[in-house]
Amino acid sequence: MSNTQFRGIVPAMITPLDEHEEIDEQGLRDLTETLINKGVHGLFALGTNGEFFSLTDDEKVRVASIVKDQAAGRLPVFAGTGGYTTRGVIELNRRMEDVGIDGLSIITPYFNGATQAELITHYERIAEATDLPILLYTIPAKAGVTLTVPSVAKLSEIPNIRAIKDSGGDFDRLVQLIRLRRDDFAVFTGTDSMILWTLMAGGDGAVAATTNAVPDVVMTIWNAWQAGDFETAREAQEKLRPLRSAFALGTMPSVLKTAAALLGMPAGPARSPVQALEPDALEKLKQAIKVYDRVER
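Predicted model only: the values in this text are computed from it and were never measured. (Residues numbered from 1 in each chain as written. Predicted model: local features only at pLDDT ≥ 70, side-chain atom pairs only at ≥ 80, totals over all residues. Heavy atoms only, no water.)

Bringing the overall build of the protein into the picture now. The helix and strand inventory of the protein stands at 13 helices and 8 strands. Relative to the globule expectation of 19 Å for 297 residues, the C-alpha radius of gyration of the protein, 18 Å, shows essentially globular dimensions. A principal-axis box enclosing the C-alpha atoms of the protein has dimensions of 45 × 45 × 35 Å. Looking at the protein residue by residue over its 297 residues, the buried ones come to 56%. (Helix = DSSP H or I, 4+ residues; strand = E, 2+ residues; numbered from the N terminus. Rg over C-alpha atoms; globule rule 2.2 N^0.38 Å. Buried < 20%, exposed > 50% of the residue type's maximum accessible area, 1.4 Å probe, protein only.)

Running from amino to carboxyl end, helix H1 (residues 25-37) crosses helix H2 (residues 57-71) at an angle of 45 degrees, the nearest separation of the two axes being 9 Å. The orientation of H1 with respect to H2, classified from their angle, is oblique. Here H1 and H2 pass one another in a crossing that is right-handed. Listed contacts from H2 to Glu25, Leu28, Arg29, Thr32, Glu33 and Ile36 of H1 are Arg62, Val63, Ile66, Val67, Asp69, Gln70 and Ala71. (Axes fitted to C-alpha atoms, helices over the stretch in contact; angles between N-to-C directions. Parallel < 35°, antiparallel > 145°, perpendicular 65-115°, else oblique. Left-handed = near helix turned anticlockwise from the far one by under 90°. Contact = heavy atoms within 4.5 Å.)

Positionally, Gly190 belongs in the loop between strand S7 (186-189) and helix H8 (195-200). The class for Gly190 is buried, based on a relative accessible area of 17%. A sequence separation of 25 residues divides Gly190 from Lys165, and the C-alpha atoms of the two residues are 5.7 Å apart. Not counting chain neighbours up to four residues away, the residues in contact with Gly190 comprise Lys165, Asp166, Ser167 and Val207.

Here the focus is the packing of aromatic side chains. For the structure on display, the rule yields 4 aromatic pairs. Centre to centre, the rings of Phe44 and Tyr137 are 6.4 Å apart; their planes meet at 90 degrees, and the pair counts as edge-to-face. Here Phe44, found in strand S2 (residues 43-45), pairs with Tyr137, found in strand S5 (residues 134-138); they are 93 residues apart in sequence, far enough to count as distant. Accessibility classification places Phe44 together with Tyr137 in one group, the buried group. With centroids separated by 5.5 Å and ring planes inclined at 75 degrees, the aromatic side chains of Phe52 and Phe53 adopt a geometry described as edge-to-face. Among the aromatic residues, those joined into a ring-pair cluster are Phe52, Phe53 and Tyr110. (Phe/Tyr/Trp six-rings, centres within 6.5 Å; stacked < 30°, edge-to-face > 60°.)

A few words now on the sheet that holds S7. An order of S1-S8-S7-S6-S5-S4-S3-S2 is seen for the 8 strands of this open sheet, with the pairing classed as parallel. Taken across any chain shown, the strands that pair with only one partner, and hence form the sheet edges, are strand S1 (8-11) and S2. Within this sheet the neighbouring strands show an average axis-to-axis angle of 25 degrees, counted without direction. As paired strands, strand S3 (residues 77-80) and strand S4 (residues 103-107) are joined by 3 bridges and run parallel to one another. Paired with Ala79 across the bridge in S4 is Leu104. (Pairing = 2+ DSSP bridges.)

With that settled, the discussion passes to the pairing of S7. Neither face of S7 is exposed, since Ala186 and Phe188 on one face and Val187 and Thr189 on the opposite face are all buried. Strand direction decides the pairing type here: strand S6 (residues 161-166) and S7, joined by 4 bridges, are parallel. Directly across from Lys165, in S7, lies its bridge partner Phe188. Once the chain exits S6 it traverses helix H7 (residues 171-178) before rejoining the sheet at S7, and the crossover so formed is right-handed. Where S7 and strand S8 (residues 205-208) come together, 2 bridges link them in parallel fashion. Paired with Thr189 across the strands is Ala206, a residue of S8. The parallel pair S7 and S8 is bridged by H8, and the resulting crossover is right-handed. (Right-handed = clockwise from strand over helix to strand, strands pointing away.)

On their own, these measurements won't tell you what the molecule is for.
Put into C-alpha cells, the structure is as follows:
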C-alpha cells in the first residue's frame, strides 16, 4: 500500500493547451514547477478543470506522465481516471500504474444515474483491481449523481480507498463526511469557497482549482490556519471570492484558464466546443482579478 499522504492543498490542475488545442508540454511542466515552488502538498491532474472529459486516454496518460516526470518525486501526483464504465476505469488505472502515479481520483460515473448499489460495486471492483490509493470524487452538479454519506462510509472501509473530494458545495453534508474521517480516510473539499470552513470543521484540506491562478492566496489560507492566524486565513479565503464569482462568466474551465493566463500562469485555451470568453465577459473578468498580483514564477 502506498504511503501517499492525503492532506493539505492539492491543486486541481488545468491542462495547458496550445493554439491548436493540443497539449502544451512545456506549459504543463512550467505549471507543475510553479505550483511546487508555491508549496502545494500534492498535484491532481485530469480533474474537471483539467478537462478530463475532452481528452483521450492516450492524452490522459501523456499528461500524467509529464506531471509525474516534472514533479520528480518531490510530492505525490494524483491522476483522474474516472469514466462511465468500470472496465474502462480499470484499464486506464493499469496504464497510470505503469506511469508511476501515486494515487487515483475517480469521479462517480456520470450521465446515466447509477444507483447507490451500482456505484458501490463500481468502486469495489476498481479498488480490487489496483494497489494504488483511491480518492473518491463527487461533483453532483456535473455528474448528475452522488455517493450518499452511508455509501461513502461503506467504501471508506476498503483499505485502498483513502479519501473523498466532495465538490457538492453542501457544508452540512461535508460535516457529515468529516465525521467519517480516520487516519486512513481523509476528507477534502473541492469547493474553493469552503477551504477555511472545511479546515475549521476538521477536514484534511482542499483540492482547489483556483490554485492554478492565485496559488499564493490559496496557500495563505492553509499556512495561516496552520500557524493559528485565523484572521489572515479568513482574509485570504475572502480574497478568493472575486475569482470564484467570475466562474459564472463562461463555460468551465474557460474563465479559470483565462484568469490564470492573465495572472501569468501557463494555460492556453479550453478545448472545443468551449470557446473563448465574449468581450464583455473578458472585461468583467479583468476587473474582478485586479485584486490579485501576477504570479512570480
